[in-house]
Amino acid sequence: MIFSESLKKNSDFLTVYKRGKSKANKQLVMYVYHNGLERNRLGISVSKKVGNSVVRHHLTRLIREAYRLNEEMFNSGLDIVVVVRPEAENLDFHVIEKSLLHLANLHALLK
């Protein structure tokens, strides 16, 4: 059962950056904005400062999977943008997942 989709348009990202709230830890920054829809939309941003394209794509997949596995714990109706910091370059899945859930908890997104 799919609750969310990807955030793709640059304008959607900009809206979340401008109007949303942000919280951060060493590895990630999470921006959250209420989208008025019944589903969540997840956007992931990984700068070239983090690593080469292989590293950036790998981190994107790790975050998407961490979100997918814990999706039922999140409240719905949110646009969530996760920005990866350079410190996250060599981290494994469990650290990324823990970091993602930590930020979700700070935002009070979890049911």
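Look up a bit, the structure's there.
Let me begin by describing the structure that accompanies this report. Source: prediction; values computed, not measured.

Moving on, we come to the sheet that holds strand β5 (residues 78–84). Taken together, the five strands give an open sheet; going across it, the order is β1-β4-β5-β3-β2, and neighbouring strands pair in mixed fashion. Only two strands of the sheet have a single neighbouring strand rather than two, namely β1 (4–6) and β2 (21–24). Across the sheet, the mean angle from the axis of one strand to that of its neighbour is 20°, orientation sign disregarded. In this sheet, strand β3 (residues 28–34) lies alongside β2 in antiparallel orientation, the contact comprising four bridges.

This brings us to the side chain of Arg-41. Assignment of secondary structure puts Arg-41 in strand β4 (residues 40–46). Beyond its immediate chain neighbours, meaning those up to four positions away, Arg-41 contacts Glu-5, Leu-7, Asp-12, Asn-35, Leu-78, Asp-79 and Ile-80.

Moving on, we come to the pairing of β3. Among the seven residues in β3, five count as buried, and that is most of the element. Across seven bridges, the pairing between β3 and β5 is antiparallel. From the neighbouring strand, Tyr-31 faces β5, where its bridge partner is Val-81.

Inspection of every chain in the model, using the stated rule, returns four salt bridges. Among the salt bridges present, the one from Glu-5 reaches Arg-39, with a minimum N-O distance of 2.6 Å. Taken together, the positions of Glu-5 in strand β1 and Arg-39 in the loop between β3 and β4 put the pair 34 residues apart, joining distant regions of the chain. What makes Glu-5 partly exposed here is its relative accessible area of 33%. Taking relative accessible area as the criterion, Arg-39 reaches 33% and is therefore assigned partly exposed. Its salt-bridge partner being Arg-41, residue Asp-12 comes within 3.6 Å of it at the nearest N-O pair. Taken together, the residues span a long stretch of sequence, with Asp-12 in helix α1 (residues 10–19) and Arg-41 in strand β4 at a distance of 29 residues. Overlapping salt bridges, with partners in common, bring together Asp-12, Arg-41 and Asp-79 in one network.

Definitions and cut-offs
- Position numbers for residues start from 1 in each chain and track the written sequence from start to end.
- Per-residue local features are limited, in this predicted model, to residues with pLDDT of at least 70; the limit for side-chain atom pairs, both in listing and counting, is 80 or more; totals at the level of whole chains, interfaces and linings are taken over all residues.
- Values reported for side chains reflect all heavy atoms of the structure, with hydrogen atoms and water molecules removed beforehand.
- Strand pairing is defined by DSSP finding a minimum of two bridges between the two strands.
- A run of H or I in DSSP becomes a helix once it reaches four residues, and a run of E becomes a strand once it reaches two; helices and strands are each numbered from the N terminus.
- Here, axes are lines fitted to C-alpha atoms. For helices the fit covers the stretch in contact, and angles between N-to-C directions go from 0 to 180 degrees.
- Two residues qualify as a contact provided that any one of their heavy atoms is within 4.5 Å of a heavy atom in the partner residue.
- Each residue's exposure class comes from its accessible area (1.4 Å probe, protein chains only) as a fraction of the maximum for that residue type: buried when under 20%, exposed when over 50%, partly exposed otherwise.
- Here a salt bridge means any side-chain nitrogen of Lys or Arg lying within 4 Å of a carboxyl oxygen belonging to Asp or Glu.

Honestly, that's just the spatial picture; any functional story needs more than this.
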